[in-house]
Amino acid sequence: MSINRKQETKTNQRFSRRAFIKSSVGLATATVASGGLLRSANAQSQFGEYIPYDSTRDYHYSSRYGRSEIIEHHHPGTEPTGEKFTFVRLKYPGGDWWTNLVNVYRWQSDLKFTQVLAANTAIDVDLRKHPQYVDIDDSWLFAYPFLYMTGHGRTYGGMKISDDQVRKLREYFERGGFLHVEDCDIRYNRFRPQIINLMKRIYPEKNFERLDMSHPIYDTLYPHDDYLGGDKLVPGFDFDEAIMDDDGKVMVYFCPSDLNCAWEGRVCSPGGEEQRIWAFEQGMNVVAYALTR
């Protein structure tokens, strides 16, 4: 997959949120010193294993048509001067947090997007052989300025976020973290209500706001005047929403049109390949916005 349309606003700026990372490096270092980075390999019971998990290698996997897909459990480094960006998916209890990474349509979605991000921006991307994930309960969650989250909302009873996890996510946002969330199939409209409820638990005083196409998140790198969506553009859900921080900046970006399925190579409707290109571009816009605002 390559982005052929002209990128009018590509920048040579190095993208980073060092203040966020530096505030978390002590925590990550302490976790390493205590052996905490290895603990998750033996403590998986809370989530249930709806997809196979290899505790000896600390990754999830699946096999289909003679090929194996792996999702690696990401462990951050402890060097505070590192500038590489890692695209990390959030693993949460309940629901199919892994969708589009196992039994894939064409490509593992996050891996393909990471490759496109590295090839088409000046962001210093940490390229991996496999997609990366982090548990919501990992003590090093705060080491990531950007997290990605998706699901269908109906699989295995939907997400089951505890009160302690709600408090942890609020702390994540208060430290400056950014969450990109997508409903993997808005036609059922089951995941979106769960996300709205989750955000009400985290920030009772805040509501999702509809994003206008004039918002900077639509032209951080690629100028987008029209909303083309991901692999599906469903009437009534042809716009994105966001939770803003106290400075009016997006801290939770919610996309109902499923950029991730477009990244996986699924047929995009109604706009075909132009829509897929838009989906990759908008994903890059979101990452750049998150790292520079």
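Overview of the structure.

Observations concerning the overall build of the protein
Here's step 1: Tallying secondary structure elements over the protein gives seven helices and ten strands in all.
Here's step 2: Here the analysis covers contacts within the protein between residues at least 6 apart in sequence; of these, 79% occur between residues at least 24 apart.
Here's step 3: Of the roughly 12500 Å² that the protein leaves accessible, carbon and sulfur atoms contribute 47%.

Re helix H4 (residues 163-174)
Here's step 1: For H4, built from twelve residues, the straight-helix expectation of 16 Å at 1.5 Å per residue is met to within 8% by its first-to-last C-alpha distance of 17 Å.
Here's step 2: Looking at H4, one finds that the buried residues are Gln 165, Val 166, Lys 168, Leu 169, Tyr 172 and Phe 173. Projection of H4 onto a plane perpendicular to its axis shows the buried side chains occupying an angular sector of 160°, all on one side. Seen from the open side of H4, the exposed residues pointing more than 90 degrees away from its buried face are Asp 164, Arg 167 and Glu 174.
Here's step 3: Phi for Gly 176, located one or two positions after H4, is positive at around 110°.

Quick word on the packing of aromatic side chains
Here's step 1: The full count for this structure, using the stated rule, is 18 aromatic pairs.
Here's step 2: The interplanar angle of 75° and the centroid separation of 6.1 Å between the aromatic rings of Phe 87 and Trp 263 together place this pair among those described as edge-to-face. Placement of the pair is Phe 87 in the loop between strand S3 (67-73) and strand S4 (88-91) and Trp 263 in helix H6 (residues 259-263), with a sequence separation of 176 residues. Assigned by exposure class, Phe 87 and Trp 263 land together as buried.
Here's step 3: Members of the aromatic cluster, each reached through a chain of ring pairs, are Phe 85, Phe 87, Phe 113, Phe 146, Tyr 148, Phe 178, Trp 263, Phe 280 and Tyr 289.
Here's step 4: The positively charged end of Lys 112 is found above the aromatic ring belonging to Trp 107, 4.6 Å away from the centroid.
Here's step 5: Against the face of Phe 142 rests Arg 175, its NZ or CZ located 4.1 Å from the ring centre.

Cut-off values and rules
Residues numbered from 1 in each chain as written. Predicted model: local features only at pLDDT ≥ 70, side-chain atom pairs only at ≥ 80, totals over all residues. Heavy atoms only, no water. Helix = DSSP H or I, 4+ residues; strand = E, 2+ residues; numbered from the N terminus. Contact = heavy atoms within 4.5 Å. Areas by Shrake-Rupley, 256 points an atom, 1.4 Å probe, with all protein chains shown as cover. Expected span 1.5 Å × (residues − 1). Buried < 20%, exposed > 50% of the residue type's maximum accessible area, 1.4 Å probe, protein only. Arc of directions from axis to C-beta. Phe/Tyr/Trp six-rings, centres within 6.5 Å; stacked < 30°, edge-to-face > 60°. Lys NZ or Arg CZ within 6 Å of the ring centre and 35° of its normal.

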